[in-house]
Each structure stands twice: as structure tokens, then as C-alpha cells.
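What follows is the residue order along each chain.
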Amino acid sequence: MHTVWKGSISFGLVNIPVKLHTATENKDIKLRQLHKECNSPISYQKVCPVCDKEVKNEDIVKAYEYSKNKFVVLDDEELEKLKKENEEKAVEIIEFVKLEEIDPIYFERSYFLAPDSGGGKAYALLRKALSDSGKIGVAKITIRSKEQLAIVRVYGQTLLMETIHFPDEVRNVEEVPNIPSEDKVVQKELDTALMLIDQLTAKFEPEKYQDDYRTALLELIEQKRSGEVTVTATEKEAVVPSDMTDLMAALQASLDRTSKKKPTVRKRKTKEKKEA
């Protein structure tokens, strides 16, 4: 399992060296875009719309747009300094709370925590303490230059860290338009709905569910591949440099001129022999 981050998590005076592993994976099927005429993959370039030319990575700077077309430019040294300052305080568990106190809307991404060298005992201690207390730890961590709020909880025999959104990242529910009021609900309809919910209630077993669209798409792709309904991208022809083209033209012109002159020379020599 690939390690995405190495560091330590601390609570109180206990320090645990850990490795972070992504707990979930995106299995979306990525489709490429091809040029319909020659089946070649489409590439994307970074182009300046004003200069009308492709821009190289070394000519790009980062900036924050504080209003329309007005920016604050930030150089790499400033960003690196901020990154290092925040990494030093990235992994301390701030407090312990109950899991049910956090609404699922806050949850973002899950990571498995594995003990690094020498961290097994402290890891087991935190896992047991969380399990017996029924609490989870709230911490801050910096991953890929982004400070994030996170919770640490027990999952099976493993400690699981889940990044969660900061409060200002969750939009205000009162801004959602066209929400009907509760007094529009008819009691008879409510009773029927509750009866339906009761009939469809079951124990959650994640193995029962699958991505039907992804399965069907994979089957379609395999059918086409097996039936050899495929296309091959056209390779780009080698472009001869302009100076090489000019050279070839000059050589060909010289060759043509030489070949035109040769018959004249032969005729003259033949005529001289006859006269002799």
C-alpha cells in the first residue's frame, strides 16, 4: 500500500510515528478524447490569450484573484516559508469528541494510519484508549501544502484518519432555494411513507451495492476490444526543419541544373570527334 505521508501524531506527551495510506480509491473509468479524423489523442496546452503563444512552466507564477482581473502575486519562496511554518504544528490532536456530534457533511477523505518504526506500542495505546472511551480525536494536519482539520478514530484494528471541512467551507443551508415548509405535509401521506420506509429497512451491508454504470461500461469496452472494434492513433509525421527543406531544395536544383548541362557537353564532344 502506497505511503502518501510520513510523520507523527501526538496527544498530550505521547508521540506516535505513523505512515498515512489512502483508504479509498476512485474507480471512475477515464475516457480519452480523440480527433475524429485521425484518432489521435487531443493534447492540452497552456496558452496566454493575450500573447497568443504557449507558456512554459518556468514562465508561470501563482497569484490570488481578489477581484475581476486584479491579482496578488505570490512567489515560491513565500509559499514554501508558509508551508514549513504550518508543517511544524500539523499533527497534534487538539481534543476528543463523540463521533455522532459531527455531521457527515463535514467528512472529506479517509486515510489508514499505520505505525512507523518504534511506534507500535503508542499506536496500540491510542487505539485502545479511543475504543474504550468511545471518543475520536480532532487534529490538524498538513497534506500537500494544505492545512486540514481531521479526526482520528478506530476502524477494525486500525486507526483511521478522516479529513473534514472547516466550518467556513460548508455552505449555509439557509441559502438553499425553494425549500418547502413542513406544514404542507399531509398526515395520511406521511403514514404511507413511514410504512414504506419500514418495509425497506435493512441492515447496511456495503457488499450488496455496486456501480452498475461502471460495470456496464467495462463490459461494453471488453466487447468492442474482443471484437476488434478498435482504432489506432495516427503517428505524427516527422517535420523537416525549414533550413533542411531549403538545403534539400538547393541540392535538388543543383542536381537538375547539372543533369541538363551534361547532354550538351556530350554532343559537343561527339561533334569534335567526327570533325577530327
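I will try to describe carefully the structure that is included in this document. (Residues numbered from 1 in each chain as written. Predicted model: local features only at pLDDT ≥ 70, side-chain atom pairs only at ≥ 80, totals over all residues. Heavy atoms only, no water.)

**Quick notes on the state of the cysteines**
Item 1. Within the structure shown, the criterion is met by 0 disulfides.
Item 2. The closest cysteine sulfur to the non-disulfide-bonded C48 is located on C51, 3.7 Å from its own sulfur. (Disulfide = S-S within 2.5 Å.)

**With respect to the nonpolar core**
Item 1. In terms of nonpolar packing, the biggest core is built from 21 residues, with L20, L113, I141 and M161 touching the most fellow members.
Item 2. Of all the secondary structure elements, the ones that give two or more residues to this core are β1 (3–11), β2 (14–22), β8 (107–115), α2 (120–133), β9 (136–143), β10 (146–155) and β11 (158–164).
Item 3. The element that contributes the greatest number of residues to this core is α2, accounting for 4 residues.
Item 4. Counting 7 residues, the second-largest nonpolar core is a separate cluster that includes I102, I136, V138 and I164. (Core = buried A, V, L, I, M, F, W, Y, C linked by side-chain atoms within 4.5 Å. Buried < 20%, exposed > 50% of the residue type's maximum accessible area, 1.4 Å probe, protein only. Helix = DSSP H or I, 4+ residues; strand = E, 2+ residues; numbered from the N terminus.)

**Quick look at the side chain of R153**
Item 1. Assignment of secondary structure puts R153 in strand β10.
Item 2. Taking relative accessible area as the criterion, R153 reaches 19% and is therefore assigned buried.
Item 3. A distance of 2.6 Å separates polar atoms of two side chains, one belonging to R153 and the other to E162.
Item 4. Excluding residues within four positions of it along the chain, R153 makes contact with L99, L130, I136, T158, L159, L160 and E162. (Polar contact = N/O pair within 3.5 Å; in protein donor to acceptor, adjacent residues only side chain to side chain. Contact = heavy atoms within 4.5 Å.)

**A look at a nonpolar patch on the surface**
Item 1. Together, Y64, Y66, V72 and L74 make up a nonpolar patch on the protein surface, roughly 410 Å² of accessible area in all.
Item 2. Within the residue set of the nonpolar patch, elements represented by two or more residues are β5 (62–67) and β6 (70–74).
Item 3. Residue V72 is classed as partly exposed on the basis of its relative accessible area, which comes to 40%. (Patch = residues over 30% accessible without salt bridge, like charges linked within 9 Å, V, L, I, M, F, W, Y side chains within 5 Å. Areas by Shrake-Rupley, 256 points an atom, 1.4 Å probe, with all protein chains shown as cover. Salt bridge = Lys/Arg side-chain N within 4 Å of Asp/Glu carboxyl O.)

**Thoughts on α2**
Each full turn of the α-helix corresponds to 3.6 residues, which orients residues three or four apart in the same direction.
Item 1. Counted at 1.5 Å a residue, the expected span for α2 with its 14 residues is 20 Å, and the 20 Å between its end C-alpha atoms agrees.
Item 2. Residues of α2 that are buried include every one of A122, Y123, L126 and L130, and no others. Angularly, the buried residues of α2 cover 105 degrees about the axis, an arc narrow enough to put them on a single face. The outward face of α2, more than 90 degrees from its buried face, is lined by the exposed residues K121, K128 and D132. (Expected span 1.5 Å × (residues − 1). Arc of directions from axis to C-beta.)

**Quick notes on the pairing of β5**
Item 1. Pairing analysis gives 5 bridges linking β5 to β6, with the strands arranged antiparallel. Directly across from A63, in β6, lies its bridge partner V73.
Item 2. The turn joining β5 and β6, which pair antiparallel and follow one another in sequence, is formed by 2 residues; a positive phi near 60 degrees is taken by N69. (Pairing = 2+ DSSP bridges.)

**Re the environment of L159**
Item 1. Among the secondary structure elements, L159 is positioned in strand β11.
Item 2. A C-alpha to C-alpha distance of 5.3 Å links L159 and L113, two positions 46 residues apart in sequence.
Item 3. In this structure L159 touches Y111, F112, L113, Y123, L126, R127, L130, V152, R153 and V154, once residues within four positions along its chain are discounted.

**Observations concerning a negative patch on the surface**
Item 1. Negative charge collects at one region of the surface, where D75, D76, E77, E78 and E80 lie side by side.
Item 2. When you line up the elements, E80 lands in helix α1 (residues 76–87).
Item 3. For E80, a relative accessible area of 35% gives the class partly exposed. (Lys, Arg positive; Asp, Glu negative; His and termini not counted. Charge placed at Lys NZ, Arg CZ, Asp CG, Glu CD.)

**A few points about the pattern of salt bridges**
Item 1. Throughout the structure, instances matching the rule amount to 6 salt bridges.
Item 2. Between K128 and D132 there is a salt bridge; the shortest N-O distance is 3.5 Å. With K128 and D132 both in helix α2 and 4 residues apart, this pair spans about one turn of that helix.
Item 3. Given a relative accessible area of 54%, D132 falls into the exposed group.
Item 4. Taken together, the shared-partner salt bridges in this structure form one network comprising K6, K19 and D116.

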